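# Working through the structure, step by step
Given next are the chains, with one letter for each unit.
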Amino acid sequence: MTTVYLNGTFLPVENACISVMDRGFLFGDGVYEVIPAYGGNLFRLHEHLNRLKNSLDGIRLANPLSDSEWETILNEVLESNRPLAGTNNDQSVYLQVTRGSAEKRDHSFPEAVRPTVFVMSAPLPDPDPALTDCGAAAVTLDDTRWQHCNIKAVTLLPNVLLRQQAKDQNAAEAILIRDHRVIEGSASNVFVIKDGNVLTPPKSQQMLPGITRDLVLKLARQAELPCKETDIEEALLRTADEIWLTSSTREVMPVTRLDGNRVGDGSLGPVWKTIIALYRDYKAAVRQGKAQ
Ligand code: PDD
């Protein structure tokens with residue numbers, strides 16, 4: 001029976017449960033370490049705990065435990081899972097800290113939520129002698145990590161951190177720029193209205209293809225508004241007549257202030273008023289079962 005540590009308790013792994021509202025599960029909003037222990041002695045513990053601290057700082061989460069508390073817990077898990085005499089007692093310890101579970105799912109940080117702290121260990125065999133004796137094969141690949149924004153994946157930590165940064169500046173959303181181009185919001189797609197034209201970035205691997213975005217484009221085209229899926233330079237965003245953000249939960253949200261400056265004349269734009277009326281009509285049709 002493997003013993004793990006979860007939020008203050010040592011217990012059999014089968015009995016260790018976390019909430020489905022845990023932000024590690026919903027957003028990938030957490031950090032972890034893997035620490036080897038040889039003969040029951042933790043390897044480079046100080047360095048691992050330092051890196052943990054840096055990772056926690058990086059996601060703006062306070063370290064829930066002191067270094068000595070960590071050491072005590074890690075040792076206790078190792079001791080509980082010590083193999084029978086005769087084997088070498090090499091183990092790897094896995095620890096994970098998430099931002100905990102809040103009542104509702106919201107990208108920005110919840111208030112007064114206890115982080116989830118989890119530790120487990122497993123036997124650590126020596127590396128495969130077939131590889132250490134003869135060498136291993138490797139291949140090269142493009143480093144595409146965090147570059148599949150078109151996949152609606154739950155690894156949302158970057159989105160979470162960006163949304164929180166926006167919230168810290170009293171903004172409802174962060175509009176993300178890459179190479180001077182507008183990409184999308186932290187949890188929404190972006191539209192820019194310029195001289196009566198409805199512009200939105202074309203679909204690419206850099207953004208989530210929003211369902212709301214597509215519907216808004218369709219409604220705009222039906223209303224014979226000139227629409228274009230085109231790259232939007234940051235400079236154009238800053239001189240936009242109107243900016244909208246679209247998402248399933250925020251519908252078509254008008255942005256009237258960008259980085260503290262007025263968008264257009266700072267009031268709700270006429271094109272937005274047209275599109276939101278169409279959107280609300282569409283919603284009403286869905287309510288009546290006449291559209292989907
Ligand atoms: N997010 N881009 C990102 C990164 C998003 O997370 C979302 C939606 C969108 C808009 O997609 P849609 O129109 O299909 O909702 C664009 C949801 C609402 C969320 O995570 O809460």
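Residues numbered from 1 in each chain as written. Predicted model: local features only at pLDDT ≥ 70, side-chain atom pairs only at ≥ 80, totals over all residues. Heavy atoms only, no water.

### A few points about the packing of aromatic side chains
All told, the structure shown has four aromatic pairs when counted by the stated rule. For the ring pair Tyr32 and Tyr94, a centre distance of 5.6 Å and an interplane angle of 25 degrees mean the geometry is stacked. With Tyr32 in strand 3 (residues 30–38) and Tyr94 in strand 5 (residues 91–98), this pair connects stretches of sequence that are 62 residues apart. Its relative accessible area of 22% is what places Tyr94 among the partly exposed residues. (Phe/Tyr/Trp six-rings, centres within 6.5 Å; stacked < 30°, edge-to-face > 60°. Helix = DSSP H or I, 4+ residues; strand = E, 2+ residues; numbered from the N terminus. Buried < 20%, exposed > 50% of the residue type's maximum accessible area, 1.4 Å probe, protein only.)

### Observations concerning unusual backbone geometry
Despite not being glycine, Trp146 shows a phi value in the positive range, around 60 degrees. Tracing the backbone shows Trp146 in the loop between helix 4 (129–134) and helix 5 (157–168). A positive phi angle, near 60 degrees, is found at Glu224, a position not held by glycine. Mapping Glu224 onto the fold places it in the loop between helix 6 (211–222) and strand 11 (227–229).

### Re the domain arrangement of the protein chain
What the domain assignment lists for the protein chain is domain 1 (3–123) and domain 2 (129–287). A straight line from the C-alpha centre of domain 1 to that of domain 2 covers 35 Å. The interface of domain 1 with domain 2 comprises 16 residues on the first partner and 14 residues on the second. Of the roughly 1100 Å² buried where domain 1 meets domain 2, counting both sides, 60% is carbon and sulfur surface. Its salt-bridge partner being Arg60, residue Asp168 comes within 2.6 Å of it at the nearest N-O pair. (Domains from an automatic or database assignment. Contact = heavy atoms within 4.5 Å. Buried area = accessible area lost by both parts, 1.4 Å probe. Salt bridge = Lys/Arg side-chain N within 4 Å of Asp/Glu carboxyl O.)

### Brief notes about the site of the ligand
The local shell around the ligand holds 17 residues, among which Arg105, Glu184, Ile211, Thr212 and Ser248 are the closest. Within the side chain of Arg105, one N or O atom sits 2.9 Å away from an oxygen atom of the ligand. Thr212 is positioned such that a nitrogen or oxygen atom in its side chain is 2.5 Å from an oxygen atom of the ligand. For the ligand, whose unbound accessible area comes to 480 Å², protein coverage reaches 90%. Where the shell around the ligand is concerned, the elements lending two or more residues are helix 6 and strand 12 (242–247). Taken together, the residues of the shell around the ligand sort by class into three nonpolar, eleven polar and three charged. (Near = heavy atom within 4 Å. Polar contact = N/O pair within 3.5 Å; in protein donor to acceptor, adjacent residues only side chain to side chain. Areas by Shrake-Rupley, 256 points an atom, 1.4 Å probe, with all protein chains shown as cover. Nonpolar A, V, L, I, M, F, W, Y, C, P; charged D, E, K, R; others polar.)

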